[in-house]
Amino acid sequence: DTQPDVPVLTPWLAPIVWEGTFNIDLLDEHFQSQNVTIGLTVFAVKRYICYLTMFLQTAEIHFMVGHRVNYYVFTDQPDNVPRILLQKGRQMVILKVQSYARWQDISMRRMETISIFSQERFHREVNYLVCVDVDMKFRDHVGVEILSSLFGTLHPGYYAIGKQFFPYERNPQSQASILENEGDFYYTAAFFGGSVPEVYRLTKACHQAIMMDQANHIEAVWHDESHLNKYLLYHKPTKVLSPEYMCHTAEECIWFQNKRGLSTIVKRVRFVTLQKNMSYIRTDEGSAQTGSEKGNGSQPYSSS
Ligand SMILES: CC(=O)N[C@H]1[C@@H](OP(=O)(O)OP(=O)(O)OC[C@H]2O[C@@H](n3ccc(=O)[nH]c3=O)[C@H](O)[C@@H]2O)O[C@H](CO)[C@H](O)[C@@H]1O
Ligand SMILES: [Mn+2]
């Protein structure tokens, strides 16, 4: 099946990965012959630890099957990490991190942690890093076709709409600011990666920009995601993953796809966000509940 209607190359000639654009047997053989090891970083701090079982179980079925994988699980509660039976060639490394009062800080500090660990150990242990949100599950194949020295993923909510509608940070005082007529794509912070040196450069630059904003009492509108978008505007990714690699929950996805016309072009829904019960999951010190964050506060998954 070919897909003539979707863009398969960026204007700077990086591949955009869709079903039908790659031969997985050929790629598997190539990366196996290189004996490649892939590191998957995921953070499960405070109540987000409840997502790990689903995340890891589905990764075992769909993520880089047949290749060497190291899961790097960053958490404030190492004892509560579920012990999942892993396939051969795959291991889990549990790393302790501090927690922050605000979920925004937990999210943004991932950049700092990944940069530190890239420099200290990842470069010795893996060839590529894949950095993802934990409130996700794999639903279909995610393999070596994603690997490249620097890759980003198109956010499904902003696919094929004018760049003036992208939710970039617009405050010129922020290190993340992008002018109205600038920008290529809107990338999600829930799925990016590349070689260890490239991920080190990206995460270090984003962390430094976040710290500079903080010193100026500024917080970018979408936190680490705003800074990631700024970085990828000036450091073009060598591969871009289509929204197949970042969709919403099954139910939500259908609605979403129809709305954006994505249903006709997303042939395989590979990695999906789970609907969170915000009042349960983000019920923490100093974070006021907003109107969109409702729920009864007793379960991790939204009942609606
Ligand atoms: C799908 C998508 O575009 N995701 C991005 C989006 O939001 P989300 O609303 O999906 O953010 P989120 O609540 O999933 O937080 C990002 C990640 O931080 C970790 N975490 C967060 C809070 C906490 O108490 N414990 C914990 O472990 C966890 O790995 C989580 O997946 O915007 C965030 C910042 O606004 C990040 O840029 C996310 O990558
Ligand atoms: Mn998330």
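Owing to the predicted nature of the structure, the values given are computational and were not obtained by experimental measurement.

Asks: What exactly am I supposed to notice about the UniProt feature "binding site: Mn(2+)" (unreviewed entry) in the protein here?
Replies: Following the UniProt record, the feature "binding site: Mn(2+)" (unreviewed entry) maps to Asp133 and Asp135 here. Examined against the element boundaries, Asp133 turns out to sit in the loop between strand E5 (128-132) and strand E6 (136-138). Sequence-distant contacts of Asp133, that is, excluding residues within four places in its chain, are made with Val42, Phe55, Arg110, Ala189, Ala190 and Phe271. Within the structure, Asp133 has its side chain in polar contact with the side chain of Arg110 (distance 2.7 Å). In this structure, Asp135 sits in the loop between E5 and E6. Not counting chain neighbours up to four residues away, the residues in contact with Asp135 comprise Tyr51, Val272, Thr273, Leu274 and Lys276.

Asks: For this particular structure, what's the right way to read the coordination of the manganese ion (ligand 2)?
Replies: Angles between donor atoms at a metal ideally measure 109.5 degrees for a four-coordinate tetrahedral arrangement and either 90 or 180 degrees for a six-coordinate octahedral one. Protein-derived coordination of the manganese ion (ligand 2) comes from Asp133 (OD), Asp135 (OD) and Asp135 (OD), at a distance range of 2.1 to 2.4 Å. Its relative accessible area of 6% is what places Asp135 among the buried residues.

Asks: Honestly, the sheet that holds strand E9 (residues 239-241) in this entry has me stumped. Any pointers?
Replies: Strands pair in a sheet through their backbones, by hydrogen bonds, and they do so in one of two ways: parallel or antiparallel. Taking strand neighbours across the sheet as the criterion, the eight strands line up as E1-E9-E7-E8-E5-E2-E3-E4 in an open arrangement whose pairing is mixed. Looking at which strands have only one partner, the edges of the open sheet turn out to be strand E1 (16-17) and strand E4 (90-96). Where strand E7 (residues 150-153) lies against E9, three bridges are found, and the strand directions are parallel. If you follow Gly152 over to E9, its bridge partner there is Val240. The strands touched by helix H4 (residues 196-215) within the sheet are E5, E7 and strand E8 (191-195), with E8 carrying the most contacts at an inclination of about 130°.

Asks: Teacher, can you tell me more about the confidence of the model for the protein here?
Replies: Reading fine detail from the predicted coordinates is not recommended where pLDDT is low. For the protein, per-residue confidence averages 91 on the pLDDT scale, and residues scoring 70 or more make up 88% of the total. Taken together, the stretch residues 286-297 has pLDDT below 50 and engages in 18 contacts with residues farther than four places along the chain or on a different chain.

Asks: In this structure, what is going on with the site of ligand 1? I would like to understand it.
Replies: Taken together, 22 residues lie near ligand 1, and Phe43, Tyr48, His223, Glu225 and Arg282 sit nearest. Contacts to ligand 1 include Val45, whose backbone N or O atom sits 2.8 Å from an oxygen atom. One nitrogen or oxygen atom from the side chain of Arg282 is found 2.6 Å from an oxygen atom belonging to ligand 1. Among the secondary structure elements, those contributing two or more residues to the shell around ligand 1 are strand E2 (37-44), helix H3 (103-125) and helix H5 (223-234). Looking at which element gives the most residues to the shell around ligand 1, the answer is H3, with four residues. Split by residue class, the shell around ligand 1 holds eleven nonpolar, four polar and seven charged.

Reading guide: rules and limits
Residues numbered from 1 in each chain as written. Chains lettered and ligands numbered in written order. Predicted model: local features only at pLDDT ≥ 70, side-chain atom pairs only at ≥ 80, totals over all residues. Heavy atoms only, no water. UniProt positions renumbered as here; feature names shortened; annotations may be inferred. Helix = DSSP H or I, 4+ residues; strand = E, 2+ residues; numbered from the N terminus. Contact = heavy atoms within 4.5 Å. Polar contact = N/O pair within 3.5 Å; in protein donor to acceptor, adjacent residues only side chain to side chain. Donors = N, O, S within 2.8 Å, 3.2 Å for Na, K, Ca; no water. Buried < 20%, exposed > 50% of the residue type's maximum accessible area, 1.4 Å probe, protein only. Pairing = 2+ DSSP bridges. Axes fitted to C-alpha atoms, helices over the stretch in contact; angles between N-to-C directions. pLDDT = per-residue confidence, 0-100. Near = heavy atom within 4 Å. Nonpolar A, V, L, I, M, F, W, Y, C, P; charged D, E, K, R; others polar.

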